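# Summary of structural features
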Amino acid sequence: RVDGRMTGSVLSSVSGMKPEDFWLSLYLFFALGMIDLLEEGAGPVREAADQAPDEAAGPPSEAAPPALDFETAGGSAAGTAQVMLREILYWKERLDTQNYYEFFRVDKGASEEEIKKAYFQMARKCHPDRFGRSLTPDVKAQVDDVFDQVTKAYRTLTDRDARFEYDQKLSAGRQEDTGGQAKKADIKFRQGKTLYNQGRYEEAVILLEQAVRLASHKGDYFLLLGMAEAKIPAFTKKAEQDFLKAIELEPWNPEGLVALGVLYKKEGLTAKARRQFERALALDADHEIASRELGAGGAAKKKGFFTFSFGSGKKK
């Protein structure tokens, strides 16, 4: 019955199981990658017209993959594990610099359901059992630290009193000089930009993550962060999220749309890529990259911002 048509609560009511046994079982299936979560209202997973099922295997019942299914992009199980391990170690480096909301990539006003979904997704990726006995003691200790932090963050944000107390501490910690914070953010951004132009993408990501934490309203910061992440295979999903954030912050700027279109094209999502290029041209009919990608032809009057400033290093 796990086919994208029933919520977990409905499944629990018809399972005949004790609620605690049901939710534990469901979580274990999720952690093992046997089922996935769908956005509310996403509807059935897959229609017969889209793909004929294997008669021996029965009708399709697995949840539809997300728009960008980068988790399985590595091909082999070993390759996928390596990608996941690299991402976990990336999280480890940021345990002391991110609050729980940033860690889960949710807004401060996120609902309990949103937090639960983010937790399940992260817990599945960083559960120590996922890697068996293949980790060295040092690496295993880092994975354990990340999983413990994920669990602690989840327990804090889903307990009303604990979350209120945590939010109070966050607010008190933010009473600092906003002018000085903006200056720090600008320095981090310019340093990250230099590293990006030198092809040192992983180092650039670290500095740009700091810049967007200090100035979360700057669309160009998120744009460059996404571009650096797009150069690192393990961070492609993060690149998509940061491009979307850049577009949200600066809906009038075609550069975020073009960058997202290039990312989708790279991942073989041609229809989604085309939509982004079309949206970019609606904002700037002379955008060179969007015009070229859509095969519009003709001489463009204006080059893309990120091609000038982030890619070639040339000045306008």
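Note: the structure precedes this text.
These figures come from a predicted structure and were not determined experimentally. Along each chain, the written sequence defines residue order, and numbers are assigned to residues from 1. With the structure being a predicted model, the display of local features is reserved for residues of pLDDT at least 70 and the display and counting of side-chain atom pairs for 80 or more, all residues being used for whole-chain, interface and lining totals. The side-chain numbers reported here are obtained from all heavy atoms of the structure, hydrogens and water having been left aside.

### Structural notes on the overall build of the protein
Segments assigned H or I by DSSP are reported as helices when at least four residues long, segments assigned E as strands when at least two residues long, and all are numbered from the N terminus. A tally of regular secondary structure across the protein gives 15 helices and zero strands. Burial status follows relative accessibility: with a 1.4 Å probe on protein chains alone, a residue under 20% of its type maximum counts as buried, one over 50% as exposed, and anything between as partly exposed. When burial is assessed residue by residue, the protein has 38% of its 316 residues classed as buried. Total accessible area on the protein is roughly 18400 Å²; 52% of this is exposed by carbon and sulfur atoms. Methods summary: accessible areas were calculated by the Shrake-Rupley approach with a probe of 1.4 Å, and residue burial reflects only the protein chains presented.

### A short note on unusual backbone geometry
Despite not being glycine, Arg105 has its phi angle at roughly 55°, a positive value. If you trace the backbone, Arg105 turns up in the loop between helix H4 (100–104) and helix H5 (112–126).

### What to know about the environment of Pro19
Mapping Pro19 onto the fold places it in helix H2 (residues 19–31). When the C-alpha atoms of Pro19 and Ser9 are compared, they prove to be 9.2 Å apart, with ten residues separating the residues in sequence.

### What to know about H2
In an α-helix there are 3.6 residues to a turn, and that puts residues three or four apart on one side. Look at H2: 18 Å from first C-alpha to last across 13 residues, which is about the 18 Å you get at 1.5 Å a residue. Residues Phe22, Leu26, Tyr27 and Phe30 constitute the buried set of H2. The buried residues of H2 occupy an angular sector of 130° when the element is viewed end-on, so they sit on one face. Contacts from the buried residues of H2 go to helix H1 (8–15) and H5. Multiplying 1.5 Å by the helix residue count minus one yields the expected span of that helix. What the arc describes is the spread of directions from the helix axis to the C-beta atoms. Note on contacts: a residue pair is in contact if any heavy atoms of the two residues lie within 4.5 Å.

### Here we look at the packing of H5 against helix H6 (residues 137–157)
Helix axes are fitted to C-alpha atoms over the stretch in contact, other axes to C-alpha atoms as well, and angles between N-to-C directions run from 0 to 180 degrees. In contact at an axis separation of 10 Å, H5 and H6 are set at 165° when each is read in the N-to-C sense. As the angle between them shows, H5 and H6 are arranged roughly antiparallel. H6 is crossed by H5, and the crossing has left-handed handedness. For the pair H5 and H6, the contacting residues are Ile115, Lys116, Tyr119, Met122, Ala123 and Cys126 in the first and Val143, Val146, Phe147, Val150, Thr151, Tyr154 and Leu157 in the second. Its residues placed into classes, the contact of H5 with H6 shows eleven nonpolar, one polar and one charged. Each angle receives one of four descriptions, namely roughly parallel if under 35 degrees, roughly antiparallel if over 145, roughly perpendicular if within 65 to 115, and oblique otherwise. A crossing counts as left-handed when the near helix is turned anticlockwise from the far one by less than a right angle, and as right-handed when that turn is clockwise. Charged residues are taken to be Asp, Glu, Lys and Arg, nonpolar residues to be Ala, Val, Leu, Ile, Met, Phe, Trp, Tyr, Cys and Pro, and polar residues to be all remaining types, Gly included.

### Thoughts on helix H10 (residues 219–230)
With twelve residues, H10 ought to run about 16 Å at 1.5 Å a step, and its terminal C-alpha atoms sit 16 Å apart, in line with that. Counting buried residues along H10, eleven of its twelve residues qualify, which places the element largely inside the surrounding structure. By the burial criterion, the buried members of H10 are Gly219, Tyr221, Phe222, Leu223, Leu224, Leu225, Gly226, Met227, Ala228, Glu229 and Ala230.

### Here we look at the environment of Asp186
Tracing the backbone shows Asp186 in helix H8 (residues 178–197). Here Asp186 falls in the partly exposed class, since its relative accessible area comes to 31%. Considering only alpha carbons, one finds Asp186 and Tyr221, 35 residues apart in sequence, at a separation of 9.0 Å. At 2.9 Å, the side chain of Asp186 forms a polar contact with the side chain of Arg190. Throughout this description, a polar contact denotes any pair of N or O atoms lying within 3.5 Å of each other; where both atoms belong to protein, one of them has to be capable of donating a hydrogen while the other can accept it, and for residues adjacent in sequence the pair is counted only when both atoms sit in side chains.

### Considerations on the pattern of salt bridges
Throughout this description, the term salt bridge denotes a Lys or Arg side-chain nitrogen within 4 Å of a carboxyl oxygen of Asp or Glu. All told, the structure shown has eleven salt bridges when counted by the stated rule. Among the salt bridges present, the one from Glu209 reaches Arg105, with a minimum N-O distance of 3.8 Å. One end of the pair, Glu209, is in helix H9 (residues 201–214); the other, Arg105, is in the loop between H4 and H5, and 104 residues separate them in sequence. Residue class for Arg105 comes out partly exposed when judged on its relative accessible area of 38%. If you follow the salt bridges from partner to partner, you end up with Arg105, Glu209, Arg213 and Asp242 in one network.

### Description of the side chain of Glu250
Tracing the backbone shows Glu250 in the loop between helix H11 (236–249) and helix H12 (254–266). Buried charge Glu250 goes without a salt bridge, the closest partner of opposite sign being Lys218 at 6.7 Å. Beyond its immediate stretch of four places on either side in the chain, Glu250 contacts Gly219 and Asp220. All tallies of charge rest on Lys and Arg as positive and Asp and Glu as negative; His and the ends of each chain are not included.

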